[in-house]
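# Per-entry structural report
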Amino acid sequence: MNIDSVHLPKQAKALVEGQNKVSTYESTGGIVTSQFAAHNLTLLSPIPSGSIIHDNTCGSGTVTRAILSANPSASNLQFHATDTDQVFLDALQKDISAHSWPVTVANAKSEALPFSDDYFTHSITNIGIFFTSSAGVDGAKEIYRTLQPGGTAVVNCWEFVAWFLPLKTVHDALRPGKPFPAPTINWSDGQQLQKVMQEAGFAQDKMRLEKSEAWASTKEEDFWAWAEKTWAYLGGVGVWQESDEERWGEAVDMLVKILKEQKGTKIENGEGDGRVCPI
Ligand SMILES: C[S@@+](CC[C@H](N)C(=O)[O-])C[C@H]1O[C@@H](n2cnc3c(N)ncnc32)[C@H](O)[C@@H]1O
């Protein structure tokens, strides 16, 4: 996500500038995407030695990390991780170097991948296909082109984005009259996902459809800080305004209140005293 902005508030700057962007993402949305990545691996046959795996729209390598931690002794796996956000790629590269992981990183658009045809045995795009152009078709076509015949592709999208309405409500209240870009295509029923994969060349009868749920959990006392990071990361979707710096606390208070009331939040008062929010 591009979070550069002329009016990026100082509070957001502290949370999303430089490498802080990665830790802020990982402690908010990344908690959820990593659950999807781990769950999706349980649906696949064991990844054989010699596999060449594409972690497409990799962020800081969520899928790569999940595979490596599920297969710590797997020999001879090769990974290629691609994304357009250099800050995330730098964070991944740092860990690759520190742990000597068999991963090559490239800054590349999913619509124009720097790999030859039929290259990968596995191509995994975790919560990324809908960012690609032509409503996902351009990304899906590249997945198809670069996957070996008989290879395995995994793509997913949100059924319900719990943060969208709360964020839009805060935006509308604090920035009246300013547009909030809503997704133009509805991905929530899975139809668009299947459509783009078919358009790219994948056969309907070879597709398997799955659903899963993921949650970010936080304790009551940490909830405000969690909502603040979420506002810092996503508040710019509606474009930061000059007034956002001064009204920072008000925005986060409002987000906390709405998140607690909305349908995507569960409040648990049992052990752990936690509030649970999907993001
Ligand atoms: C929601 S994040 C998911 C990251 C990671 N796959 C995960 O599971 O945490 C979406 C990622 O897609 C990347 N992205 C968006 N548009 C892209 C494009 N056209 N080509 C490549 N990466 C893109 C963003 O930079 C971001 O890292």
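Here the structure is a predicted model, which means the values were calculated and not measured.

Time to look at the site of the ligand. In the vicinity of the ligand there are 17 residues, among which Tyr25, Thr33, Thr57, Thr62 and Asp83 approach most closely. Separating an oxygen atom of the ligand from a side-chain N or O atom of Thr62 is a distance of 2.7 Å. Between the ligand and Asp83 there is a distance of 2.6 Å, counted from an oxygen atom to a side-chain nitrogen or oxygen. Contact with the protein chains hides 90% of the accessible area of the ligand, taken as 590 Å² for the molecule alone. When the residues that make up the shell around the ligand are grouped by side-chain class, the tally is six nonpolar, seven polar and four charged.

Next up on the list: unusual backbone geometry. Of note, Asp118 is a non-glycine position whose phi angle comes to about 55 degrees, a positive value. Secondary-structure assignment places Asp118 in the loop between strand E3 (103-107) and strand E4 (120-125). Residue Asp118 is classed as partly exposed on the basis of its relative accessible area, which comes to 43%. One non-glycine residue with positive phi stands out, namely Ser134, at about 55 degrees. Considering the arrangement of structural elements, one finds Ser134 in the loop between E4 and helix H6 (137-146). For Ser134, a relative accessible area of 47% gives the class partly exposed.

In the structure shown here, the tally under the stated rule is two cavities of 30 Å³ or more. Its volume calculated, the second largest cavity comes out at about 30 Å³. Lining of the second largest cavity is provided by Ala37, Asn40, Leu41, Leu44, Val63, Ala66, Ile124 and Val154. Listed by contribution, the elements that provide at least two residues to the lining of the second largest cavity are helix H3 (29-42) and helix H4 (62-70). Per element, the largest residue contribution to the lining of the second largest cavity is three residues, and it comes from H3.

This part covers the pairing of strand E5 (residues 147-155). Sheet topology places E4 next to E5; five bridges connect them, and they run parallel. Note on E5: the bridge partner recorded for Ser123 is Ala153. Considered for its hand, the β-α-β crossover made up of E4, H6 and E5 is right-handed.

The predicted model of the chain averages 92 in pLDDT, with 94% of residues at 70 or higher. Segment residues 271-275: pLDDT under 50, and 18 contacts once partners within four positions in sequence are set aside and those in other chains are kept.

When you line up the elements, Ser60 lands in the loop between strand E1 (52-56) and H4. A distance of 2.4 Å separates polar atoms of two side chains, one belonging to Ser60 and the other to Glu26.

What follows concerns the nonpolar core. Within the largest apolar cluster, 34 residues are counted, with the highest numbers of intra-cluster contacts made by Leu167, Trp231, Trp248 and Leu255. Those elements giving two or more residues to this core turn out to be helix H1 (10-16), helix H2 (20-26), H3, helix H5 (86-99), helix H7 (164-174), helix H9 (223-234) and helix H10 (248-261). Those residues within four positions of Leu255 in sequence are excluded, and the remaining contacts are Pro166, Leu167, Val170, Ala227 and Trp231.

Calculation notes
Residues numbered from 1 in each chain as written. Predicted model: local features only at pLDDT ≥ 70, side-chain atom pairs only at ≥ 80, totals over all residues. Heavy atoms only, no water. Near = heavy atom within 4 Å. Polar contact = N/O pair within 3.5 Å; in protein donor to acceptor, adjacent residues only side chain to side chain. Areas by Shrake-Rupley, 256 points an atom, 1.4 Å probe, with all protein chains shown as cover. Nonpolar A, V, L, I, M, F, W, Y, C, P; charged D, E, K, R; others polar. Helix = DSSP H or I, 4+ residues; strand = E, 2+ residues; numbered from the N terminus. Buried < 20%, exposed > 50% of the residue type's maximum accessible area, 1.4 Å probe, protein only. 1 Å grid on protein atoms, 1.4 Å probe; cavity = no way out; pocket = protein on both sides within 12 Å on 5 of 7 lines; lining within 4 Å. Points joined across faces, edges and corners; volume = space filled by probe spheres on them. Pairing = 2+ DSSP bridges. Right-handed = clockwise from strand over helix to strand, strands pointing away. pLDDT = per-residue confidence, 0-100. Contact = heavy atoms within 4.5 Å. Core = buried A, V, L, I, M, F, W, Y, C linked by side-chain atoms within 4.5 Å.

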